[in-house]
Protein chains: 2
Amino acid sequence: MDAPAVYRIALDVMGGDHAPTATLEGARLALAAHPDLFLHLVGDEARLRPLMGPMGFKGELLTRCALVHAATVVDMDDKATSILKEKKNSSIRVAAQLVREGKADGVVSMGHTGAAMVASKMVVGTLDGVDRPCLATILPNMHGRPTVLLDVGANIDCRPEHIAQFAVMGSIYAEHVLGIERPRVGVLSVGEEEGKGSATTKEAAQFLKELDVNFTGNAEGRDLWNDKFDVIACDGFVGNALLKSAESLAEGLIEGLKSVFMESFFTKIAALMAKPALKRFAKKLDYEEYGGAPLLGVKGISIIGHGRSNARAVQSAIRAALVACEHRVNDHIQESLGRVMSQAESQDPS
Amino acid sequence: MDAPAVYRIALDVMGGDHAPTATLEGARLALAAHPDLFLHLVGDEARLRPLMGPMGFKGELLTRCALVHAATVVDMDDKATSILKEKKNSSIRVAAQLVREGKADGVVSMGHTGAAMVASKMVVGTLDGVDRPCLATILPNMHGRPTVLLDVGANIDCRPEHIAQFAVMGSIYAEHVLGIERPRVGVLSVGEEEGKGSATTKEAAQFLKELDVNFTGNAEGRDLWNDKFDVIACDGFVGNALLKSAESLAEGLIEGLKSVFMESFFTKIAALMAKPALKRFAKKLDYEEYGGAPLLGVKGISIIGHGRSNARAVQSAIRAALVACEHRVNDHIQESLGRVMSQAESQDPS
């Protein structure tokens, strides 16, 4: 007897630098690993169907996926809002539509980040009580544990209450998806002392003190890496700059080291000798493990992966969506923000 | 015949985690390396004088330095503004006073960053036409070349014209101190396309297009490391977060790798074999080489070093002050901002 397919994820098969090969392969790996997964594979049917057999979509797997046709794809130089106009039939828009119509519980895309955000916000829609959905990224810190940084680019200009909401949503994600008990929540600032920061961050900290999260105070840039916080909230401008800088710096250092070890016969031997230890170290810091950035605060799960994702990263992104469904992240956000709102109302003298 | 002492720098000998040993040793190294340097060594005379002989302050060196007494030092938990009240006789305040009185051309401190900034701004004073002095940091990028990031913490909330001024001052520093011809100047944003960014960064970009700098467009977080820009301007909140995150990430990766190579007999041998190559790589990324962050826009040179500076970093910070004096950085800033102001006036219809 087949295991019943419980969670239905719509995958934008056409999005990403290595689509559709990496996305299809990631889909297959995810289906094989998770018997409770059903996948809507959204993309150009004529192009995808012939690939599936040779790529191993066979037998029981086929009963847990369905091809859904979408005629176009959002290109990197398209505007994010193109999905609302000339690219209504794009794979990300069609995938989002499945969630809107209740045919899927979540959407996963490695394509145009802006388009995926617009599709999630405008087509899927925002949870009640959420002012602004926000993009979270999960950074592996130096102790091999995850730190949630949010927002990393969905909202450029933020008010204090937005940052406080990001923190609440990040805390729920850390608790229910990453399994961190009472996540330590911080607001990004320029110093750990309470008085440090901008007018916005100081007010966000005040909000958080009143709320039902484990608010631990101001975080600094360094705290992304030292395991002092589980969740760090900031506006999307700062978060985006931090994420892009960190990705580039870490890659640059690792590339630089690789080329060091290719310099000579001796260094090549050295690399060979240290390889298993280096691999263990790299695994600790492996971003592919966390698979994509959840866009929190939309009705339905939305995971936005890196354009460069390989099959394993696609699989992780699908798993992240599945876990978010299983742990009812949205119900918890809804419940928590409902509580926040009633707290705010009971404090409001009017 | 002694070389004439041309540039006079006031060193806050008491500031920094390893003061006064590291600062005195750095001073001695700088005096030995630069015959055109005169140093005011500012600190507790009774404590410093006995150290100097044993530390090698002898002969000709002694003719190019002078002890200047300061009774106290700003502690890490003092407020930055303490130098204006209860800590008027602190070493950083006394050092700044020497610049104010024309007895020194610049001040160098590894102590309390906030106090050094307040001393520079309030005691030394701001250059005409500069709205806000800003703190610049010089990051070694992955190609071993420097990128100037500013502001990294002097100004939390900034208007577009401030960011544009930071960019102009950074460009002058890059050209005259770092020797970069026509530095490529960017405004930090969330995407390289012109329309991307906050209202503030978009307006700052508009200002810069009109000005006499080589404005190259929007920079992203990743551009701190890829040698696409020589100067990247942003507000002090973002810059501070970026700097602290990068320092911590790079250190964490390097520490992590070190411990990998200590894991076993094999990895220890491997480390030994790769050591010379690793050293060359580390040298490329060596922040001590650039020695401290210049506070740009004050009357007189001000260099703020890292609290953890060792003697070599102190020496580099003193050298940075010397080079800034030699290349008349402030004259260039004054001239350039004078031009900016007359441009602005000629465009102003009123």
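Residues numbered from 1 in each chain as written. Chains lettered and ligands numbered in written order. Predicted model: local features only at pLDDT ≥ 70, side-chain atom pairs only at ≥ 80, totals over all residues. Heavy atoms only, no water.

K.L.:
Mind laying out the overall build of chain A, listing which residues take part and the relevant values?
P.N.:
Of the regular secondary structure elements, chain A holds ten helices and eleven strands. Relative to the compact-globule value of 20 Å for 350 residues, chain A shows a C-alpha radius of gyration of 21 Å, a close match. The principal-axis extents of the C-alpha atoms in chain A amount to approximately 65 × 60 × 45 Å. Looking at chain A residue by residue over its 350 residues, the buried ones come to 59%. (Helix = DSSP H or I, 4+ residues; strand = E, 2+ residues; numbered from the N terminus. Rg over C-alpha atoms; globule rule 2.2 N^0.38 Å. Buried < 20%, exposed > 50% of the residue type's maximum accessible area, 1.4 Å probe, protein only.)

K.L.:
Got a sec to walk through the pairing of strand β1 (residues 7-12) of chain A? Specific residues and values, please.
P.N.:
Strand residues, when the strand is regular, have side chains that alternate between the two faces of the sheet. Residues and elements named next belong to chain A. The pairing of β1 with strand β2 (residues 37-43) spans six bridges and is classified as parallel. Across the sheet, the residue bridging to Leu-11 is Leu-41, located in β2. Between the parallel pair β1 and β2, the chain is carried across by helix α1 (residues 21-33), and the sense of this crossover is right-handed. Bridge analysis of β1 against strand β4 (residues 106-109) gives four bridges, and the strand direction is parallel. (Pairing = 2+ DSSP bridges. Right-handed = clockwise from strand over helix to strand, strands pointing away.)

K.L.:
I'd like a rundown of the relation of the copies chain B and chain A, residues and numbers included.
P.N.:
Put simply, the second copy of the chain is the first one after a rotation about an axis and a shift along it. Mapping chain B onto chain A calls for a screw motion: a turn of 180 degrees about the axis and a shift of 0.0 Å along it, with 0.0 Å RMSD after fitting. One copy is carried onto the other by what is essentially a two-fold rotation axis. Across chain B, the smallest distance between a C-alpha and the rotation axis is recorded for B:Ala270, namely 2.0 Å. (Least-squares fit on C-alpha atoms with pLDDT ≥ 70 in both.)

K.L.:
Outline unusual backbone geometry, supporting the account with residue identities and numerical values.
P.N.:
Between A:Leu150 and A:Asp151 the backbone carries a cis peptide bond, its omega angle lying at 0 degrees. Locating A:Asp151 in the fold gives a position in the loop between β6 (146-150) and α5 (160-176). In this structure, A:Arg328 is a non-glycine residue whose phi angle is positive, near 50 degrees. Looking at where A:Arg328 falls in the secondary structure, it is placed in the loop between α9 (311-326) and α10 (329-347). Note on A:Arg328: relative accessible area 46%, which makes it partly exposed. We note that B:Asp227 has phi near 70 degrees; this positive angle belongs to a residue other than glycine. Counting through the fold element by element, B:Asp227 comes out in the loop between β8 (215-219) and β9 (231-233).

K.L.:
Describe α1(A), listing the residues and the values that go with them.
P.N.:
With 13 residues, α1(A) ought to run about 18 Å at 1.5 Å a step, and its terminal C-alpha atoms sit 18 Å apart, in line with that. Next to the buried residues of α1(A) lie β1, β2, α2 (45-52), β3 (65-69) and α9 of chain A. (Expected span 1.5 Å × (residues − 1). Contact = heavy atoms within 4.5 Å.)

K.L.:
Can you lay out the packing of helix α3 (residues 91-100) of chain A against helix α4 (residues 113-124) of chain A for me, pointing to particular residues and giving the numbers?
P.N.:
Residue and element names in this part refer to chain A. Contact pair α3 / α4: the axes reach a minimum separation of 9 Å and the direction vectors enclose 30 degrees. One way to sum up the angle between α3 and α4 is to call them roughly parallel. Remark: the crossing between α3 and α4 carries right-handed chirality. Residues Ile-92, Arg-93, Ala-96, Gln-97, Val-99 and Arg-100 of α3 touch α4, and the partners they reach there are Ala-115, Ala-116, Ala-119, Met-122, Val-123 and Val-124. When its residues are assigned to classes, the contact of α3 with α4 shows nine nonpolar, one polar and two charged. (Axes fitted to C-alpha atoms, helices over the stretch in contact; angles between N-to-C directions. Parallel < 35°, antiparallel > 145°, perpendicular 65-115°, else oblique. Left-handed = near helix turned anticlockwise from the far one by under 90°. Nonpolar A, V, L, I, M, F, W, Y, C, P; charged D, E, K, R; others polar.)

K.L.:
I'd like a rundown of helix α6 (residues 160-176) of chain B, residues and numbers included.
P.N.:
Between its first and last C-alpha atoms α6(B) spans 25 Å; for 17 residues at 1.5 Å apiece the expected length is 24 Å, and the two agree. Most of α6(B) is tucked away: 15 of the 17 residues are buried.

K.L.:
Outline the state of the cysteines, supporting the account with residue identities and numerical values.
P.N.:
Here, the word disulfide means a covalent bond between the sulfur atoms of two cysteines. Applying the stated criterion across every chain yields a total of zero disulfides over all chains. There is no disulfide at A:Cys134, and the cysteine sulfur nearest it, in A:Cys158, is 8.6 Å away. With no disulfide of its own, B:Cys325 has B:Cys65 as its nearest cysteine by sulfur position, at a separation of 17 Å. You can call B:Cys325 buried: its relative accessible area is 10%. (Disulfide = S-S within 2.5 Å.)

K.L.:
Please provide a residue-by-residue account of the interface of chain B and chain A, values included.
P.N.:
Counting from both sides, the interface comprises 46 residues of chain B and, opposite them, 46 residues of chain A. Of the roughly 4000 Å² buried where chain B meets chain A, counting both sides, 78% is carbon and sulfur surface. On the surface where chain B and chain A come into contact, there are two salt bridges. Scanning the region where chain B abuts chain A turns up eight residue pairs in polar contact (both at pLDDT 80 or more). Those elements that place two or more of their residues in the side of chain B that touches chain A are α7 (199-210), α8 (236-261) and α9 (265-284) of chain B. Its residues assigned to classes, the side of chain B that touches chain A comprises 27 nonpolar, 13 polar and six charged. (Buried area = accessible area lost by both parts, 1.4 Å probe. Salt bridge = Lys/Arg side-chain N within 4 Å of Asp/Glu carboxyl O. Polar contact = N/O pair within 3.5 Å; in protein donor to acceptor, adjacent residues only side chain to side chain.)

K.L.:
Pulling in residues and values, what's your account of the pairing of β8(B)?
P.N.:
Of all the five residues making up β8(B), four are buried; the element is thus mostly covered by neighbouring parts of the structure. Taken together, strand β7 (residues 185-188) of chain B, α7(B) and β8(B) constitute a β-α-β crossover, and its handedness is right-handed.

K.L.:
Run through the sheet that holds strand β2 (residues 37-43) of chain B, naming residues and quoting values.
P.N.:
Residues and elements named next belong to chain B. With mixed pairing, the eleven strands of this open sheet are ordered in space as β3-β2-β1-β4-β11-β10-β5-β6-β9-β7-β8. What marks the edges here is a single partner per strand, and that holds for β3 (65-69) and β8. Averaged over all pairs of adjacent strands, the angle between strand axes in this sheet comes to 25 degrees, irrespective of strand direction. Two strands pair when backbone bridges link them, and strand β10 (residues 293-296) and strand β11 (residues 301-304) are joined in this way by two bridges, in the antiparallel orientation. From the neighbouring strand, Pro-294 faces β11, where its bridge partner is Ile-303.

K.L.:
Tell me what's going on with the side chain of A:His34, and back it up with residues and numbers.
P.N.:
All names here are of chain A. In this structure, His-34 sits in the loop between α1 and β2. Owing to a relative accessible area of 15%, His-34 belongs among the buried residues under this scheme. In contact with His-34, not counting residues within four places along its chain, are Arg-64, Arg-319 and Leu-322.

K.L.:
Go over the packing of helix α1 (residues 21-33) of chain B against helix α10 (residues 311-326) of chain B with me, naming the residues and quoting the values.
P.N.:
All names here are of chain B. In the contact formed by α1 and α10, the axes pass within 7 Å of each other and the chain directions differ by 50 degrees. Classified by the angle their axes make, α1 and α10 are oblique. Crossing angle aside, the handedness with which α1 passes α10 is right-handed. The residues of α10 that touch α1, namely those facing Ala-22, Thr-23, Glu-25, Gly-26, Ala-27, Leu-29, Ala-30 and Ala-33, are Ala-311, Val-314, Gln-315 and Ile-318. A breakdown of the residues in the contact of α1 with α10 according to their chemical character gives eight nonpolar, three polar and one charged.

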